[in-house]
Amino acid sequence: MNSLTIAGRELRNLFLSPLAWTILGVTQLILAYMFLSQVDYYLSIQPKLVGIPGAPGVTDLVVAPLFGNAAVILLLIIPLLTMRTISDERRNKTISLLLSAPISLSEIVIGKFLAIFVFLLIILLSISLMPLSLLTVGNLDHGKFLACLLAMALLMASFNALGIYMSAIASQPTVAAVASFGALLLLWIIDWAGSNGSALLEYISIMRHFENLLRGLVSTVDVFYFILFIVGFLSLSIRRLDNDRLQK
Amino acid sequence: MNTLIEVNNLTRQFGDHCAVDDVSFSLNKGEVLGFLGPNGAGKSTTMKMICGNLSPTAGEIKINGYDILDQPKLAKAELGFLPEIPPLYSDLTVDEFLSYCAKLHGLRKKAIKQSVIRGKLKCGLSDVGNRLIANLSKGYQQRVGIAQAILHNPSVIILDEPTVGLDPIQILEIRELIRELGKEHSVILSTHILPEVQHSCSRVQIIHRGKLVLNESIDGLSQRMTSSSLLVRFGEPPELDLIQAIEHVTGIEALEQQQYRISHHQGSNISEHIAILAVNQQWGLLELIPEKHDMEHIFLSITQDPSNHE
């Protein structure tokens, strides 16, 4: 309940600033361009595909790449959304309003998480309108489409959780943004080093799990990876906030 | 009378530096406690600990019987806190901000509107409800901070330097407000402006280098402040033996230009005797001034007493 109060205010605040609107506009514009070029490409190779039995359909060739591209853009913008959540409150000393109210630290962190997550779901909704528009001319593989949505939602929540943790550590919003961007990028590409197939690095890499889901393979391993990721970083954020109170 | 705040053996260390050292006190309902001390004495640290913003190294804090560490939600529900820097979201309007605070304190929907209106009325904010906090003057922002602290009708209100940065008229208004709040709530007020304490508090505590060095009711303090010495000036040199012989006189100190400080027992009045004596002896009495110790004196004597230094 308290989390919802905080989330409501955070979300409102987000829309009071031009940042939220700019992000919505820019992502939509870039992804629409990518979507169109993908559709174009699909149309150009469609005649060749007809002859091949079991050829990839429109969901594989248009929808999945669209969400794949969206993930990279999110990698860039989520740090900007999360950077202010905690570090700004600490800088402006408004955090003491929350600390002296009858609210637990986890409620504060979850409230902030929810606010950003709801905003990201709005982005996801507007992105998925593009593949849905294909329904007017053809058919989508609904299972794969839903798997893509699940992948996106989990990915967004994970980026969000890490961003909030960085915001809890950093004393300045920009530092938080740079740190979370760096961490996310590293986690994205970390399996490059394990070209010979280092199982650990492959497991750590976000991209591996994301791509599995994007291909329509919903396995508990991947889902659990994301859930662990989210819960882990949120609990670390709570610990970090608690540390403010205990500071030596 | 019920005790609303109980602080026992509170200690807070930052590394090697001991900011608050073994402080204990309690506050009853309807009391306004003035918390005094020089800069860096540990006032804000103590207040932050009472409000759960900082956890103590040792000791316990109970708000209305609830331990702030064991039952933080129940304890914090009884608290209203205005930190040194008012925690305001500058991109909200006063109304929005206050209803958000009311929600955070778990007020019900119906109660929120009423409490916001009441809070604004008490702090003189009724006219600025629709304005953005960022556009308000410092004084009004401070008032929003106070409104935020009293909104949910807490039994304990803690104000950290509430009159900093206000103009004299606003200071008077805030003092009036604090005195009024003191009737229904318990108030802790930290400041380093001494007249403020005399004006609005019923009890005074002075903290110095983390230690509580004075805990006195305002009556007790004014007792301390009554004069125990006279300043006299004569035209002719007086015979000091005669003055010494007056009952209750404990000492005479010669100052410059025929001026003397005559100390006497507290609670006795010797000015009349001195006047009669001076007239009879034709010393040419020019001045007779009972010396008054003000708050500053007491404050300075306590905080500069070498025995209080480590």
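Note that this is a predicted model, so its numbers are computed, not measured.

Reading guide: rules and limits
- Residues numbered from 1 in each chain as written.
- Chains lettered and ligands numbered in written order.
- Predicted model: local features only at pLDDT ≥ 70, side-chain atom pairs only at ≥ 80, totals over all residues.
- Core = buried A, V, L, I, M, F, W, Y, C linked by C-beta atoms within 7 Å.
- Buried ≥ 20, exposed ≤ 12 C-beta atoms within 10 Å, placed from the backbone.
- Helix = DSSP H or I, 4+ residues; strand = E, 2+ residues; numbered from the N terminus.
- Contact = placed C-beta atoms within 7 Å.
- Pairing = 2+ DSSP bridges.
- Axes fitted to C-alpha atoms, helices over the stretch in contact; angles between N-to-C directions.
- Domains from an automatic or database assignment.

**Brief notes about the nonpolar core**
(1) Moving on: With 135 residues, the main nonpolar core has F67, A151 and A161 of chain A together with F97 and I158 of chain B as its most contacted residues.
(2) Moving on: When residues in this core are grouped by element, the largest group, 16 residues, is from helix α7 (residues 142–169) of chain A.
(3) Moving on: Those residues within four positions of A151 of chain A in sequence are excluded, and the remaining contacts are F67, F210, L213 and L214 of chain A.
(4) Moving on: Counting eight residues, the second-largest nonpolar core is a separate cluster that includes V232, I270, A278 and W283 of chain B.

**What about the environment of A168 of chain A?**
Residue and element names in this part refer to chain A.
(1) Moving on: With respect to the element layout, A168 can be found in helix α7.
(2) Moving on: It is 28 Å that separates the C-alpha atoms of A168 and G25, two residues lying 143 residues apart in sequence.
(3) Moving on: Those residues in contact with A168 that sit more than four places away from it in its chain are I86, S237, R240 and L241.

**Looking at the sheet that holds strand β10 (residues 211–217) of chain B**
Residue and element names in this part refer to chain B.
(1) Moving on: Pairing within the open sheet is mixed, and its six strands lie in the order β6-β7-β8-β3-β9-β10. Both outer strands of the open sheet, β6 (79–82) and β10, are each paired with one neighbouring strand and no more. Direction aside, the axes of adjacent strands within the sheet are offset by 15° on average.
(2) Moving on: Pairing of strand β3 (residues 32–36) with strand β8 (residues 186–191) involves five bridges; the strand directions are parallel. Along β8, the bridge assignment pairs G34 with L189.
(3) Moving on: Sheet strands in contact with helix α6 (residues 168–184) are β3, β7 (156–160) and β8, and its direction is about 145° off that of β8.

**Points about unusual backbone geometry**
Residue and element names in this part refer to chain B.
(1) Moving on: You will see that N153, though not glycine, has its phi angle at about 50°, which is positive.
(2) Moving on: In this structure, N153 sits in the loop between α5 (138–150) and β7.
(3) Moving on: N153 gets classed as partly exposed once you count the C-beta atoms within 10 Å, which come to 16.

**So, the interface of chain B and chain A**
(1) Moving on: Opposite the 24 residues of chain B that make contact, chain A presents 17 residues.
(2) Moving on: Going through the elements one at a time, α2 (72–77), β6 and α3 (94–104) of chain B are the ones with two or more residues in the side of chain B that touches chain A.
(3) Moving on: Per element, the largest residue contribution to the side of chain B that touches chain A is four residues, and it comes from α3 of chain B.

**With respect to the domain arrangement of chain B**
Reports often express the size of an interface as the amount of accessible area lost when the parts come together.
(1) Moving on: What the domain assignment lists for chain B is domain 1 (3–223) and domain 2 (227–291).
(2) Moving on: A separation of 47 Å is found between the C-alpha centroids of domain 1 of chain B and domain 2 of chain B.

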